[in-house]
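Here are the chains, one letter per residue:
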Amino acid sequence: MPKNRSRSIRLKVWGQNACFTRPEMKVERVSYDVMTPSAARGVLEAILWKPAICWRITQVDVLKPIQWESVRRNEVGAVASTDLAITAMKNNRGNLCLYVEDERQQRAGLILRDVVYTIHAYFEITEKAGPEDSITKFEEMFLRRAEKGQCFNTPYLGCREFSAGFEPIRDEASLPEPADVTRDLGWMLYDMDFTAKEPTARFFHASLEKGVLKVPPHDSKEVRG
Amino acid sequence: MILQSLAKYYDRLADEGVVVPEGFKQVGIPFLLFLNQKGEFTGLQDTRTQSGKKLVARTFVVPEERERSGSRAWQTANLLWDHYGYVLAWPKSNTEKDKEMAKKQHRTFLAEVKKLNDKYPDDKEIGAVYRFLSTEDFSAVFSHPLWRECAKIPGCKLTFCIEGLNCLVCENENVKAFISSTISQVSDNEDAENTLPDTESVCLITGERGPVARLHPRTPILGTKSNAKIVSFQKNMGFDSYGKQQSYNAPVSKKTAFAYTTALNQMLARDSRQKLLVGDGTIVFWAEKKSVLEDVFADIFGEPAKENPEQINQGIRTLFEAPKSGAPPLDEDYTRFYVLGLAPNVARIAIRFWYQGTVGELAKNIKQHFDDCNIAHGPKESQHLSIFRLLVSTAMQGESKNIQPNLTGDMMKSILSGTPYPKTLLSSVIRRIRAEREITYPRASLIKAVLVRDARYYKKNGKEVGMSLDHANTNHGYLLGRLFAVLERAQERANPGIDATIRDRFYGAASCTPVIAFPHLLKLKNHHIAKLENKGEAVNLEKQIGEIMEKVVDFPPHLGLHDQSKFAIGYYHQRQDFFRKRD
């Protein structure tokens, strides 16, 4: 195993609802059928992340059959203004509020219901690591935090409002059995590539084999962007 | 998956020749200008035919319409077809302004044809059109007897046809080649303000690299504005991410955007048999390959037309009879079938639900639904009820706009996937029954379907309800319903022609809180039965009451929702039994 790569880590996550929003249907949300590698990375980073490490997802197991739910929610149609924020910072005072009554918009969503996944991932040490940072240190830190339920922010499944519960799986023997679902999922969002000039979306062809979604390595040709 | 399946459907439609190639569109053109080879005007033809009360123009395949709006609209002309302002400089009205405008429009139109003529100088048809237009003298056209009809239609569209040839000038080979070559260069339909060069990116539907569509073509459905789309991002409304604007947020190549929207619009077209209007939303459905289910789906789920009330039954029979040609029975058909439920939201379209499965699964589930709904009914009632009739029985005043918003989509989904009906369905029906104090055939059918399906899905051990009166059912809700029906019957027979029976006064109390209503009702029935002249009938009624009361232990203080539904069914079954012809 190369020196800067950790061993494979497995985490079980579950939630009442999930919405891994498709980029093309972001306004009236429609979820992907299965957790995207990007969302899986988000869950892991919520538990432990330092500039020294970089998470890579290898596999996602779907443990419960895919079920949908259609909801309509009131949201707002505006974002907080960066200009106002900058002015407020400069002047030490300002008006940053957003009046919900004026901006209210109802958006429909086709979201997932009752989801449980097992995320298989490893992390790499980046060049921002210091002299005392070692692989074992972070492995142990992660497993400890996952065991205790410690996190920087509550991990979520796609959208912030869908909080996830999590639990590490320490050994191969207790790996839960995936649900028996086999289908082609089409092109799925792999992740955003932040190293390019502008953040670009990258896609890969996803398919579920007996409940297992294999995620190609980030630098392979199967990931197009 | 949704857009990908739509794009694949476009390929199937293109193979079958149902859709027009890219760059072209089907437009209704009411009048044709006939020219001879030399470019002289020879005649005008009216293509309209009577359709109901209106005259409908024949549709032709012509180069795609170019979007134009605002004060500079006259600078954009369609190629080889347009309205009479562009083609003949015929003004909208007699004012100076309109005459000027028409002249400007005509000049643009002429310039477009000139471009085409310069590219293909040897093409006789294009040459003839160009010669005709450059004479600038259209008096021959205006003096033609049919011209007045044409001028009456505001913005009447015109195109050219060369005498002796069967097709329009715009359908000839050179024009087609010209269009295909300019597709990628010509800016998007609504992209008049796009000044940026095309960005290239990986298409998220096909995975191929290609120029990205900034705006997707429109796919309006009933209830939305005419520019509604599935994929759209308003600027500065919080839908943009990572600094990207509009559809660059979701890179889809122009070719694929055209493909999936054309396939969708094809299904949403006015006379399409592949769409259903249910509640406030639209449902479209299609199969991977030609399948009998596509034809029959609309019959089964749609509202039967007035001329053909037996439509549903025929549809179901077609679906389930083994085809005589020896093809495998539908249950084993593995052709993929897709159903997409869309809901309007002003200028956006929301996806209500998405179902993908095989024709076999779907046929099985549809059959299951109708089996579940089967209940005894009067002889004049139809054997099977459409979804629309079932749902409308839960709505206030029977108006489809009063059906609960998500109920239609959820119910369709549960029928297609064979899962239990939405819980709100049962409570809506019971609420309607309480409010209107009437258990109609659709309502009883719905209740029975919900109870039967729940029992099967959750493997409950309680007795399900059957299709007709079940003397052995000991569920206390069911028994009390039956009792109520018999007591009402006694009152009706004692006072023939009565308007308001105990059902109008006591149904609510009897079904929710039996302990309050029934003792009083049993006291009343003594008076009713005493009034009966036919003693034999009196004895029969007492016997029936006795038979039911045998199994009733006591009157519960409260009946839950499920028992209230059984009450309704018991009442309905007993009533049907009274009216059943004794054979």
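A quick note: this is a predicted structure, and the numbers were derived from the prediction, not measured.

Draft legend 1. Looking closely at the overall build of chain A. When helices and strands are counted, chain A shows four helices and nine strands. The order of α-helices and β-strands along chain A, N terminus first, is β-β-α-β-β-α-α-β-α-β-β-β-β. The dimensions of chain A, computed from C-alpha atoms along their principal axes, are 55 × 45 × 35 Å. A separation threshold of at least 6 residues defines the contact pool for chain A, and within that pool the share at least 24 residues apart is 74%. With an accessible surface of roughly 11800 Å², chain A has 49% of that area assigned to carbon and sulfur atoms.

Draft legend 2. Focus on the overall build of chain B. Scanning chain B from N- to C-terminus turns up 20 helices and 14 strands. Against the globule reference of 25 Å for 583 residues, chain B gives a C-alpha radius of gyration of 33 Å, more extended than a compact globule. Judged by the C-alpha coordinates and their principal axes, chain B covers about 100 × 55 × 55 Å. Buried positions account for 52% of the 583 residues belonging to chain B. For chain B, the accessible surface area stands at approximately 28000 Å², while carbon and sulfur atoms represent 51% of it. Charge separation in chain B, taken as the distance between the mean sites of 80 positive and 69 negative side-chain charges, equals 5 Å.

Draft legend 3. Region of interest: the interface of chain B and chain A. Contacts between chain B and chain A engage 38 residues on the former and 33 residues on the latter. For the pair chain B and chain A, the number of links is one salt bridge. For R348 of chain B, the salt bridge identified is with E28 of chain A, shortest N-O distance 2.7 Å. On the surface where chain B and chain A come into contact, there are six residue pairs in polar contact (both at pLDDT 80 or more). Listing elements by their share of the side of chain B that touches chain A, those giving two or more residues are α1 (2–16), β13 (336–345) and β14 (348–358) of chain B. Take the side of chain B that touches chain A: its biggest share by element is eight residues, from β14 of chain B. For the side of chain B that touches chain A, the class distribution of residues is 20 nonpolar, 11 polar and seven charged.

Draft legend 4. Region of the structure containing the sheet that holds strand β8 (residues 157–162) of chain B. Residues and elements named next belong to chain B. Overall, mixed pairing links the four strands, which are arranged β3-β2-β8-β7 in an open sheet. At either end of the open sheet lies a strand with only one pairing partner, and these are β3 (41–46) and β7 (81–83). For this sheet, the mean angle separating the axes of adjacent strands, direction not counted, is 30 degrees. The sheet contact formed by strand β2 (residues 31–35) and β8 spans five bridges and is parallel. By the bridge assignment for β8, F34 is matched with C161. On top of the sheet, helix α4 (residues 124–134) reaches β2, β3 and β8; it is set at about 125 degrees to β8, its chief contact.

Draft legend 5. View of the packing of aromatic side chains. Applying the stated rule across the entire model yields 28 aromatic pairs over all chains. Ring plane angle 75 degrees and centroid distance 5.3 Å describe the contact between W55 of chain A and F123 of chain A, whose orientation is recorded as edge-to-face. Taken together, the residues W55 of chain A in strand β3 (residues 53–62) and F123 of chain A in strand β5 (residues 104–125) connect sequence positions 68 residues apart. Of the two residues, W55 of chain A and F123 of chain A, neither departs from the other in class, the shared state being buried. Residues F297 of chain B and F337 of chain B carry aromatic rings whose centres are separated by 5.6 Å and whose planes lie at 35 degrees to one another, so their mutual orientation is tilted.

Draft legend 6. Up close: the pattern of salt bridges. Residue and element names in this part refer to chain A. The full count for this structure, using the stated rule, is 34 salt bridges over all chains. Close ionic contact of R22 with E24 constitutes a salt bridge, the shortest N to O distance being 3.4 Å. Using a relative accessible area of 4% as the deciding quantity, one classes R22 as buried. When its relative accessible area of 3% is taken as the criterion, E24 is described as buried. Linking R183 and D33 is a salt bridge whose minimum nitrogen-to-oxygen distance equals 2.8 Å. Of this pair, R183 sits in strand β7 (residues 183–193) while D33 is found in the loop between β2 (29–30) and α1 (37–47), placing the two residues 150 residues apart along the sequence. Residue classification places D33 among the buried residues on the basis of a relative accessible area of 7%. What you see here is one network of salt bridges that share partners, running through R29, R73, E75, R107 and E161.

Draft legend 7. The sheet that holds β13 of chain B, seen in detail. Residues and elements named next belong to chain B. Taken in spatial order, the four strands make up an open sheet running β11-β12-β13-β14, and their pairing is antiparallel. In the strand order of this sheet, the two ends are held by β11 (275–278) and β14, each with one partner. Recorded for the sheet is a direction-independent mean angle of 20 degrees between the axes of neighbouring strands. Against the sheet, helix α11 (residues 359–373) makes contact with β13 and β14, and its axis sits at roughly 100 degrees relative to β14, the strand it touches most. Against the sheet, helix α13 (residues 407–417) makes contact with β11, β12 (281–287), β13 and β14, and its axis sits at roughly 10 degrees relative to β14, the strand it touches most.

Draft legend 8. Region of interest: the environment of I169 of chain A. Mapped onto the elements of the fold, I169 of chain A is located in the loop between β6 (165–168) and β7. A residue is classified by how much of its surface remains accessible, and I169 of chain A, at 8% relative accessible area, is buried.

Draft legend 9. Representation of helix α2 (residues 82–91) of chain A within the structure. You can read the cap of α2 of chain A off the contacts: a side-chain oxygen lies 3.4 Å from the backbone nitrogen of D83 of chain A, and it is on S81 of chain A. Immediately downstream of α2 of chain A, the backbone of N92 of chain A shows phi near 65 degrees, a positive value.

Draft legend 10. Seen up close, the nonpolar core. V34, M35, Y117 and F142 of chain A are the most contacted members of the largest nonpolar core, which totals 101 residues. Looking at this core element by element, the count peaks at nine residues for β5 of chain A. Setting aside residues up to four positions removed in sequence, M35 of chain A forms contacts with V13, F20, A40, V43, V60, Y117, I119, L157, M188 and L213 of chain A. Membership of the second largest hydrophobic core comes to 82 residues, among which are L391, I403, L451 and L521 of chain B.

Draft legend 11. Structural view of the state of the cysteines. All names here are of chain B. One pass over the full model with this rule turns up zero disulfides over all chains. C156 supplies the cysteine sulfur nearest to C150, a cysteine that is in no disulfide, at a spacing of 3.5 Å. A relative accessible area of 0% means that C150 is categorised as buried.

Draft legend 12. Up close: the packing of α11 of chain B against helix α15 (residues 441–457) of chain B. Residues and elements named next belong to chain B. Direction vectors running N to C along α11 and α15 enclose 120 degrees, while the axes themselves pass 7 Å from each other. One way to sum up the angle between α11 and α15 is to call them oblique. Here N365, Q368, H369, D371, D372 and C373 of α11 lie close against α15, whose contacting residues are S445, K448, A449, V452, R453 and R456. Residue classes in the contact of α11 with α15 are distributed as three nonpolar, four polar and five charged.

Draft legend 13. Fine view of unusual backbone geometry. All names here are of chain B. Backbone geometry at L80 places phi at a positive 70 degrees, although glycine is not the residue there. Tracing the sequence through the fold places L80 in the loop between β6 (59–63) and β7. Within the chain, R437 stands out as a residue other than glycine whose phi angle is a positive 55 degrees. Within the element layout of this structure, R437 appears in the loop between α14 (423–436) and α15. The class for R437 is partly exposed, based on a relative accessible area of 31%.

Draft legend 14. A look at the packing of helix α17 (residues 502–512) of chain B against helix α20 (residues 561–579) of chain B. Residue and element names in this part refer to chain B. At a minimum axis separation of 9 Å, α17 and α20 run at an interaxial angle of 135 degrees. If you check the angle between α17 and α20, you find them oblique. For the crossing formed where α17 meets α20, the hand is right-handed. Contacts between α17 and α20 involve R503, Y507, A510, S511 and C512 from the first element and Q564, F567, A568 and Y571 from the second. Tallied by class, the residues present in the contact of α17 with α20 amount to six nonpolar, two polar and one charged.

What counts and how
- Residues numbered from 1 in each chain as written.
- Chains lettered and ligands numbered in written order.
- Predicted model: local features only at pLDDT ≥ 70, side-chain atom pairs only at ≥ 80, totals over all residues.
- Heavy atoms only, no water.
- Helix = DSSP H or I, 4+ residues; strand = E, 2+ residues; numbered from the N terminus.
- Contact = heavy atoms within 4.5 Å.
- Areas by Shrake-Rupley, 256 points an atom, 1.4 Å probe, with all protein chains shown as cover.
- Rg over C-alpha atoms; globule rule 2.2 N^0.38 Å.
- Buried < 20%, exposed > 50% of the residue type's maximum accessible area, 1.4 Å probe, protein only.
- Lys, Arg positive; Asp, Glu negative; His and termini not counted.
- Charge placed at Lys NZ, Arg CZ, Asp CG, Glu CD.
- Salt bridge = Lys/Arg side-chain N within 4 Å of Asp/Glu carboxyl O.
- Polar contact = N/O pair within 3.5 Å; in protein donor to acceptor, adjacent residues only side chain to side chain.
- Nonpolar A, V, L, I, M, F, W, Y, C, P; charged D, E, K, R; others polar.
- Pairing = 2+ DSSP bridges.
- Axes fitted to C-alpha atoms, helices over the stretch in contact; angles between N-to-C directions.
- Phe/Tyr/Trp six-rings, centres within 6.5 Å; stacked < 30°, edge-to-face > 60°.
- Core = buried A, V, L, I, M, F, W, Y, C linked by side-chain atoms within 4.5 Å.
- Disulfide = S-S within 2.5 Å.
- Parallel < 35°, antiparallel > 145°, perpendicular 65-115°, else oblique.
- Left-handed = near helix turned anticlockwise from the far one by under 90°.

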